[in-house]
Structure formats: C-alpha cells, structure tokens
Amino acid sequence: MLEGKVALITGGARGIGKAIALEFASNGADIAIVYHGNDDAAAGTVSEIREKYGVNAIAYKADVSSYDSAKDTVKKVKDDLERIDILVNNAGIVKDGLIAMMTEEQFTSVIDTNLKGAFNMIRHTCPIMLRQKGGCIINIASVSGIMGNAGQANYAASKAGLIGLTKSVAKELAGKNIVCNAIAPGFIATDMTENLSNDNPLFQLIPLKRFGKPEEVAKAALFLASSEYITGEVLKVDGGIAM
Ligand code: NDP
C-alpha cells in the first residue's frame, strides 16, 4: 500500500511512534525515525524494521523543539532517502502538574516539544512535499486537547494547539495535494502511561473498559496515510472516552 513512499516519524523509536513505523514498513514504506535520547531503543527499532520487512530504515537523533535541529534532520532524511511522502508528528512529552503549582519550565517545554516541534517539522518538510506535488501529514494529538484534563493544562494546551495547526495546514495546503489530519488517542499503554494502572478512576470512564494498544493507533495512521480525500480531520482512537 505504501511501496515507494518514505515516511518520517518523530518519536518513532518507542511506543505509538514505533508501532506506526512498523505498520508503515509492513506496508512497504521506507522509514526515517527521529528520537531524542534513547539510542538503544532507536537502534532496536531500526533493526526490527529492516529484519522483519526488508525496507530501508534510518534513525536520526534530534530535538524537534529546536527549529535548527528539525531543519538539519529533514535535510538529512531527504539526502539519505531522496523524498518525504508522509510526516508523522508523534514526538511528545508530559510534565503534569496542577495549574496553581505549574512552573514556567513545565509549561514551556511541553508546548515547545508537542506543538512547536510539529510546526518545526512541518515547516521544513512541506517545501519538499510542495516540490513533490503531494504529501500526507499526520499529527498525534490527544483527547486531552479536545476535553481538557485536570493536571494537564500544559499538555492539553499543546494538543489543542496541534489540532488548530492541523486544520490550518489542511486548509492552506489542500490545493497543493497535501493532506493534514490529526489522531487523538485516549489512554494507550506505552512508557508514557506506565504509571496508570487498571484501578485508576480514569479507567472506569473508558466505555470499552481497557487501555488502547499502540498498534490500534498505528492502524488509524495507516488509514489516514492511504486516504487521499480526508483532510483537516481529528480521528479519535480512545475507546469512546471523548464521546
Ligand atoms: P513515549 O514516551 O513512549 O515515546 C515518546 C517518543 O518521543 C520517544 O521516542 C522520544 O524519544 C520522542 N521524543 C520526545 N521528545 C522528543 C524531542 N524533543 N525530539 C525528538 N523526539 C522526542 O510516548 P507515547 O508513544 O506514549 O506517545 C506518543 C505520542 O502520542 C505523544 O505525542 C503523546 O502525547 C501522544 N499520546 C499518547 C497517549 C498515551 O496514552 N500514550 C495518549 C494520547 C496521546 P526517545 O525514545 O529518544 O526518548
């Protein structure tokens, strides 16, 4: 389904991003993953992709919150893999805290990674997509950005901003054959949510009564990556929690 395409996935070394990288690779795409610090996870994911699916896979260490780091990384990916057809802005962090005690650093670092990071990557990738006369951008938001969440003012603001960014980019680039959509996961079992157990009160609010799997978000990403007539959409993968 994605043969001949190159997908760049930020935060692709672990969790949801890794599942998306594997799903796209299993459908024939060459893969560039961007990670921040965990060299072992990145090397492991790249080896797994190459061995299982025989496609090209390369890991790039970078900080998406830095405009220049994002610029250098996009250039390296284009030099190495020759094109970029799909960009998945998945890299994200949490630094939860109550608003009355949240530090400026907690707020700024989450906005810089989750929201500005996506802007940085889109800013440097879209000229390549424009020259290629097409492309697909998928931003991994969150139901927190739709509903809000106590203790996550920084995170929810970053994800709500990401949804606004998605819709604006979708409108701006639709005439250039570039689609831009968001996925809003609910609670997905990854390193990010390892502190949440099944007896957490939040768990009872999920109509499907379980956390989601990274692979279930990856299926939604594949759907969007292979849909040419969907843009500006926010697809929830949340077990029904944000109904
Ligand atoms: P993980 O913490 O498991 O993985 C995050 C990935 O992002 C890692 O690969 C990490 O790199 C990378 N990363 C973090 N900061 C940067 C940075 N500044 N530059 C480059 N890469 C960076 O997260 P999840 O898989 O759980 O989450 C993925 C996305 O999904 C996030 O945007 C998150 O907000 C969103 N999401 C997750 C939910 C969940 O329940 N898990 C629910 C809703 C949304 P490294 O490996 O080097 O540390």
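Please refer to the structure higher up on the page.
Residues numbered from 1 in each chain as written. Predicted model: local features only at pLDDT ≥ 70, side-chain atom pairs only at ≥ 80, totals over all residues. Heavy atoms only, no water.

(A) Up close: the site of the ligand. Close to the ligand lie 30 residues; Gly37, Asn90, Tyr155, Gly186 and Thr190 are nearest. Between the ligand and Gly37 there is a distance of 2.6 Å, counted from an oxygen atom to a backbone nitrogen or oxygen. Between Asn90 and the ligand, the recorded distance is 2.8 Å, taken from a backbone N or O atom to an oxygen atom. Considering the ligand on its own, with 910 Å² of exposed area, one finds that the protein chains cover 94% of that surface. At the level of elements, α1 (15-26) and α6 (153-173) are the ones that each hand at least two residues to the shell around the ligand. Its residues assigned to classes, the shell around the ligand comprises 14 nonpolar, 12 polar and four charged. (Near = heavy atom within 4 Å. Polar contact = N/O pair within 3.5 Å; in protein donor to acceptor, adjacent residues only side chain to side chain. Areas by Shrake-Rupley, 256 points an atom, 1.4 Å probe, with all protein chains shown as cover. Helix = DSSP H or I, 4+ residues; strand = E, 2+ residues; numbered from the N terminus. Nonpolar A, V, L, I, M, F, W, Y, C, P; charged D, E, K, R; others polar.)

(B) Focus on the packing of aromatic side chains. Applying the stated criterion across every chain yields a total of three aromatic pairs. Measuring from centroid to centroid gives 6.1 Å for Phe187 and Phe211, while their planes differ by 40 degrees, and the two rings are tilted. On the criterion of sequence distance, the pair formed by Phe187 in the loop between β6 (178-185) and α7 (201-204) and Phe211 in the loop between α7 and α8 (214-225) is long-range, its members being 24 residues apart. Taken as a pair, Phe187 and Phe211 share a single burial class, namely buried. On the numbers, 5.5 Å between centres and 90 degrees between planes, the contact of Phe203 with Phe211 is edge-to-face. Exposure class is identical for Phe203 and Phe211. Each is buried. An aromatic cluster is present here, built from Phe187, Phe203 and Phe211 joined pairwise through their rings. (Phe/Tyr/Trp six-rings, centres within 6.5 Å; stacked < 30°, edge-to-face > 60°. Buried < 20%, exposed > 50% of the residue type's maximum accessible area, 1.4 Å probe, protein only.)

(C) Representation of unusual backbone geometry. Within the chain, Glu82 stands out as a residue other than glycine whose phi angle is a positive 75 degrees. Its relative accessible area of 62% is what places Glu82 among the exposed residues. Non-glycine residue Lys209 carries a positive phi angle of around 60 degrees. With respect to the helices, strands and loops of the structure, Lys209 is situated in the loop between α7 and α8. A relative accessible area of 42% means that Lys209 is categorised as partly exposed.

Geometric values such as these leave the question of function open.
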